[in-house]
Amino acid sequence: MLFAHDTECGLAAAAALVNTTGPGREGLPDVAALDEFFTAHGWSGRHEHTDAELLQVRALRPRLRRIWYADTDEVVEIVNLLLRESRALPQLIRHDGEPYHLHAVPRDAPLATRMAVEAAMALADLVRAGELSRLRRCDHPDCDNVLVDLSKNRSRRFCDAGCGNRAAVSAYRARKASHS
(Lines give C-alpha, C1' and ligand atoms only; values in the text may rest on other atoms or scores of the structure.)
Protein backbone atom coordinates (compact mmCIF):
# COMPACT_ATOMS: atom_id res chain seq x y z
CA MET A 1 0.00 0.00 0.00
CA LEU A 2 1.46 3.33 -1.09
CA PHE A 3 -0.92 5.56 0.85
CA ALA A 4 -3.23 5.12 3.81
CA HIS A 5 -6.17 2.84 3.13
CA ASP A 6 -8.71 5.68 3.32
CA THR A 7 -6.63 7.75 0.87
CA GLU A 8 -6.54 4.94 -1.67
CA CYS A 9 -10.26 4.29 -1.23
CA GLY A 10 -11.05 7.99 -1.58
CA LEU A 11 -9.00 8.28 -4.77
CA ALA A 12 -10.55 5.15 -6.27
CA ALA A 13 -14.07 6.33 -5.43
CA ALA A 14 -13.38 9.80 -6.88
CA ALA A 15 -12.10 8.32 -10.16
CA ALA A 16 -15.03 5.90 -10.31
CA LEU A 17 -17.48 8.75 -9.73
CA VAL A 18 -15.87 10.85 -12.48
CA ASN A 19 -16.08 7.84 -14.81
CA THR A 20 -19.84 7.49 -14.33
CA THR A 21 -20.29 10.13 -17.01
CA GLY A 22 -18.85 10.87 -20.40
CA PRO A 23 -19.84 11.39 -24.01
CA GLY A 24 -22.99 9.40 -24.63
CA ARG A 25 -23.07 7.64 -21.28
CA GLU A 26 -24.68 8.16 -17.91
CA GLY A 27 -23.52 5.70 -15.28
CA LEU A 28 -25.83 7.13 -12.62
CA PRO A 29 -29.13 7.24 -14.52
CA ASP A 30 -31.29 6.78 -11.44
CA VAL A 31 -31.35 6.36 -7.68
CA ALA A 32 -30.91 2.58 -7.99
CA ALA A 33 -27.60 3.12 -9.82
CA LEU A 34 -26.49 5.51 -7.07
CA ASP A 35 -27.45 2.87 -4.50
CA GLU A 36 -25.20 0.36 -6.31
CA PHE A 37 -22.35 2.88 -6.48
CA PHE A 38 -22.77 3.63 -2.77
CA THR A 39 -22.51 -0.06 -1.90
CA ALA A 40 -19.73 -0.88 -4.38
CA HIS A 41 -17.46 1.81 -2.96
CA GLY A 42 -18.12 1.04 0.68
CA TRP A 43 -19.82 4.30 1.58
CA SER A 44 -21.48 4.41 4.96
CA GLY A 45 -23.60 6.93 6.78
CA ARG A 46 -26.51 8.94 5.48
CA HIS A 47 -27.96 7.97 2.12
CA GLU A 48 -31.36 9.42 1.28
CA HIS A 49 -32.16 7.41 -1.88
CA THR A 50 -33.72 10.50 -3.50
CA ASP A 51 -33.56 12.21 -6.88
CA ALA A 52 -32.29 15.36 -5.14
CA GLU A 53 -29.35 13.42 -3.69
CA LEU A 54 -28.66 11.90 -7.11
CA LEU A 55 -28.55 15.37 -8.69
CA GLN A 56 -26.13 16.61 -6.00
CA VAL A 57 -23.79 13.67 -6.62
CA ARG A 58 -23.96 14.18 -10.39
CA ALA A 59 -23.12 17.86 -9.92
CA LEU A 60 -19.90 16.89 -8.13
CA ARG A 61 -18.55 14.92 -11.09
CA PRO A 62 -17.35 17.79 -13.32
CA ARG A 63 -15.67 19.46 -10.35
CA LEU A 64 -13.72 16.29 -9.62
CA ARG A 65 -12.99 15.61 -13.32
CA ARG A 66 -11.30 19.00 -13.55
CA ILE A 67 -8.65 17.75 -11.12
CA TRP A 68 -7.32 15.24 -13.65
CA TYR A 69 -6.64 18.11 -16.08
CA ALA A 70 -5.32 20.69 -13.61
CA ASP A 71 -1.85 21.69 -12.53
CA THR A 72 -0.85 21.48 -8.88
CA ASP A 73 -1.93 25.02 -7.99
CA GLU A 74 -5.38 24.52 -9.50
CA VAL A 75 -5.77 21.14 -7.76
CA VAL A 76 -4.97 22.86 -4.47
CA GLU A 77 -7.59 25.55 -5.20
CA ILE A 78 -10.23 22.92 -5.97
CA VAL A 79 -9.36 20.84 -2.92
CA ASN A 80 -9.38 23.85 -0.61
CA LEU A 81 -12.70 25.06 -2.03
CA LEU A 82 -14.31 21.64 -1.55
CA LEU A 83 -13.08 21.52 2.05
CA ARG A 84 -14.17 25.10 2.79
CA GLU A 85 -17.62 24.68 1.26
CA SER A 86 -18.13 21.56 3.33
CA ARG A 87 -16.80 23.15 6.53
CA ALA A 88 -14.48 20.17 6.88
CA LEU A 89 -13.07 19.46 10.32
CA PRO A 90 -10.82 16.36 10.17
CA GLN A 91 -11.20 13.90 13.02
CA LEU A 92 -10.11 10.33 13.61
CA ILE A 93 -13.11 7.97 13.48
CA ARG A 94 -13.54 4.20 13.82
CA HIS A 95 -16.69 2.49 12.56
CA ASP A 96 -18.01 -0.62 10.82
CA GLY A 97 -15.00 -2.70 11.86
CA GLU A 98 -12.56 -0.36 10.11
CA PRO A 99 -9.46 0.92 11.92
CA TYR A 100 -9.12 4.60 12.78
CA HIS A 101 -9.22 6.84 9.74
CA LEU A 102 -10.01 10.47 8.98
CA HIS A 103 -13.47 11.83 8.44
CA ALA A 104 -13.81 15.54 7.96
CA VAL A 105 -17.60 15.85 8.01
CA PRO A 106 -20.16 13.98 10.08
CA ARG A 107 -21.55 10.67 8.83
CA ASP A 108 -24.96 12.31 8.60
CA ALA A 109 -23.73 15.01 6.19
CA PRO A 110 -25.27 14.78 2.71
CA LEU A 111 -23.74 12.07 0.54
CA ALA A 112 -22.42 14.50 -2.10
CA THR A 113 -20.71 16.50 0.66
CA ARG A 114 -19.09 13.38 2.08
CA MET A 115 -17.97 12.31 -1.38
CA ALA A 116 -16.47 15.74 -2.06
CA VAL A 117 -14.63 15.82 1.25
CA GLU A 118 -13.33 12.24 0.99
CA ALA A 119 -11.97 13.04 -2.47
CA ALA A 120 -10.48 16.33 -1.26
CA MET A 121 -8.79 14.70 1.73
CA ALA A 122 -7.32 11.95 -0.46
CA LEU A 123 -6.15 14.48 -3.02
CA ALA A 124 -4.57 16.56 -0.27
CA ASP A 125 -2.44 13.51 0.57
CA LEU A 126 -1.35 13.25 -3.07
CA VAL A 127 -0.43 16.94 -3.17
CA ARG A 128 1.52 16.70 0.10
CA ALA A 129 3.41 13.66 -1.18
CA GLY A 130 4.17 15.29 -4.54
CA GLU A 131 2.33 12.44 -6.26
CA LEU A 132 -0.27 14.17 -8.46
CA SER A 133 1.31 12.42 -11.45
CA ARG A 134 -0.56 9.32 -10.26
CA LEU A 135 -3.77 10.96 -11.54
CA ARG A 136 -4.00 9.97 -15.18
CA ARG A 137 -6.35 9.81 -18.10
CA CYS A 138 -6.88 6.51 -19.88
CA ASP A 139 -4.42 6.02 -22.77
CA HIS A 140 -6.99 4.38 -25.03
CA PRO A 141 -7.79 6.86 -27.82
CA ASP A 142 -11.54 6.27 -27.64
CA CYS A 143 -11.82 6.68 -23.86
CA ASP A 144 -12.20 9.76 -21.69
CA ASN A 145 -12.06 7.92 -18.35
CA VAL A 146 -9.67 8.85 -15.57
CA LEU A 147 -7.63 6.59 -13.31
CA VAL A 148 -5.40 6.61 -10.27
CA ASP A 149 -2.12 4.77 -10.78
CA LEU A 150 -1.28 3.19 -7.44
CA SER A 151 1.18 0.72 -8.93
CA LYS A 152 4.68 0.71 -7.45
CA ASN A 153 6.31 1.27 -10.83
CA ARG A 154 3.77 3.87 -12.02
CA SER A 155 2.96 1.84 -15.10
CA ARG A 156 -0.84 1.84 -15.21
CA ARG A 157 -2.08 3.25 -18.51
CA PHE A 158 -5.68 2.15 -18.88
CA CYS A 159 -8.91 2.54 -16.92
CA ASP A 160 -11.04 -0.29 -15.56
CA ALA A 161 -13.49 -0.25 -18.49
CA GLY A 162 -11.63 -2.89 -20.52
CA CYS A 163 -9.46 -0.43 -22.46
CA GLY A 164 -6.29 -2.38 -21.71
CA ASN A 165 -7.82 -5.49 -23.27
CA ARG A 166 -9.06 -3.52 -26.29
CA ALA A 167 -5.57 -2.03 -26.79
CA ALA A 168 -3.96 -5.47 -26.55
CA VAL A 169 -6.39 -6.95 -29.07
CA SER A 170 -5.82 -4.04 -31.46
CA ALA A 171 -2.04 -4.41 -31.17
CA TYR A 172 -2.31 -8.18 -31.74
CA ARG A 173 -4.47 -7.70 -34.83
CA ALA A 174 -2.07 -5.06 -36.16
CA ARG A 175 0.88 -7.44 -35.69
CA LYS A 176 -1.02 -10.28 -37.40
CA ALA A 177 -1.97 -8.03 -40.31
CA SER A 178 1.62 -6.84 -40.78
CA HIS A 179 2.87 -10.44 -40.97
CA SER A 180 0.28 -11.49 -43.54
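This text gives an overview of the structure that appears in the document. These numbers were taken from a predicted model, which means no experiment stands behind them.

Procedures and definitions
Residues numbered from 1 in each chain as written. Predicted model: local features only at pLDDT ≥ 70, side-chain atom pairs only at ≥ 80, totals over all residues. Heavy atoms only, no water. Helix = DSSP H or I, 4+ residues; strand = E, 2+ residues; numbered from the N terminus. Rg over C-alpha atoms; globule rule 2.2 N^0.38 Å. Expected span 1.5 Å × (residues − 1). Buried < 20%, exposed > 50% of the residue type's maximum accessible area, 1.4 Å probe, protein only. Arc of directions from axis to C-beta. Contact = heavy atoms within 4.5 Å. Polar contact = N/O pair within 3.5 Å; in protein donor to acceptor, adjacent residues only side chain to side chain. 1 Å grid on protein atoms, 1.4 Å probe; cavity = no way out; pocket = protein on both sides within 12 Å on 5 of 7 lines; lining within 4 Å. Points joined across faces, edges and corners; volume = space filled by probe spheres on them. Nonpolar A, V, L, I, M, F, W, Y, C, P; charged D, E, K, R; others polar.

### Quick look at the overall build of the protein
Part 1 of the argument: Helices and strands together make up the secondary structure of the protein, namely six helices and six strands.
Part 2 of the argument: Each helix and strand of the protein, placed in order from N terminus to C terminus, yields the pattern α-β-β-α-α-α-β-β-α-β-β-α.
Part 3 of the argument: In summary, the protein has a C-alpha radius of gyration of 18 Å against a globular reference of 16 Å for 180 residues, a match within 12%.
Part 4 of the argument: Overall size of the protein, expressed as C-alpha extent along the three principal axes, is 65 × 35 × 35 Å.

### Topic: helix α4 (residues 72-85)
Part 1 of the argument: Counted at 1.5 Å a residue, the expected span for α4 with its 14 residues is 20 Å, and the 20 Å between its end C-alpha atoms agrees.
Part 2 of the argument: Looking at α4, one finds that the buried residues are Val 75, Ile 78, Val 79, Leu 82 and Leu 83. Along α4, the residues classed as buried sweep out an arc of 130° about the axis, all on the same side. Across α4 from its buried face, at more than 90 degrees, point the exposed residues Asp 73, Glu 77 and Arg 84.
Part 3 of the argument: Turning to α4, the residues buried within the fold contact α3 (51-67) and α5 (111-128).
Part 4 of the argument: At the N-terminal end of α4, a side-chain oxygen is found 3.3 Å from the backbone nitrogen of Asp 73, two or three residues along, and the residue is Asp 71.
Part 5 of the argument: Note on α4: the residue one or two positions beyond its end, Arg 87, has a positive phi of about 50°.

### With respect to the environment of Leu 111
Part 1 of the argument: Relative to the assigned elements, Leu 111 resides in helix α5.
Part 2 of the argument: The class of Leu 111 is buried, set by a relative accessible area of 0%.
Part 3 of the argument: Linking Leu 111 and His 49, residues 62 residues apart in sequence, is a C-alpha distance of 9.9 Å.
Part 4 of the argument: Not counting residues within four places of it along the chain, the set of residues in contact with Leu 111 comprises Leu 34, Phe 38, Trp 43, Arg 46, His 47, Glu 53 and Val 57.

### Some thoughts on unusual backbone geometry
Part 1 of the argument: One non-glycine residue with positive phi stands out, namely Arg 87, at about 50°.
Part 2 of the argument: Relative to the helices and strands, Arg 87 is located in the loop between α4 and β3 (91-93).
Part 3 of the argument: The exposure class of Arg 87 is exposed, given its relative accessible area of 74%.

### Looking at empty space enclosed by the protein
Part 1 of the argument: Following the criterion strictly, the structure yields one cavity of 30 Å³ or more and no others.
Part 2 of the argument: Considered as a void within the structure, the largest cavity measures approximately 60 Å³ in volume.
Part 3 of the argument: Gly 10, Ala 13, Ala 14, Leu 17, Phe 37, Trp 43, Leu 64, Met 115, Glu 118 and Ala 119 together form the lining of the largest cavity.
Part 4 of the argument: Only α1 (5-18) and α5 provide two or more residues apiece to the lining of the largest cavity.
Part 5 of the argument: If one sorts the elements of the lining of the largest cavity by residue count, α1 sits on top with four residues.
Part 6 of the argument: When grouped by side-chain class, the residues that make up the lining of the largest cavity number eight nonpolar, one polar and one charged.

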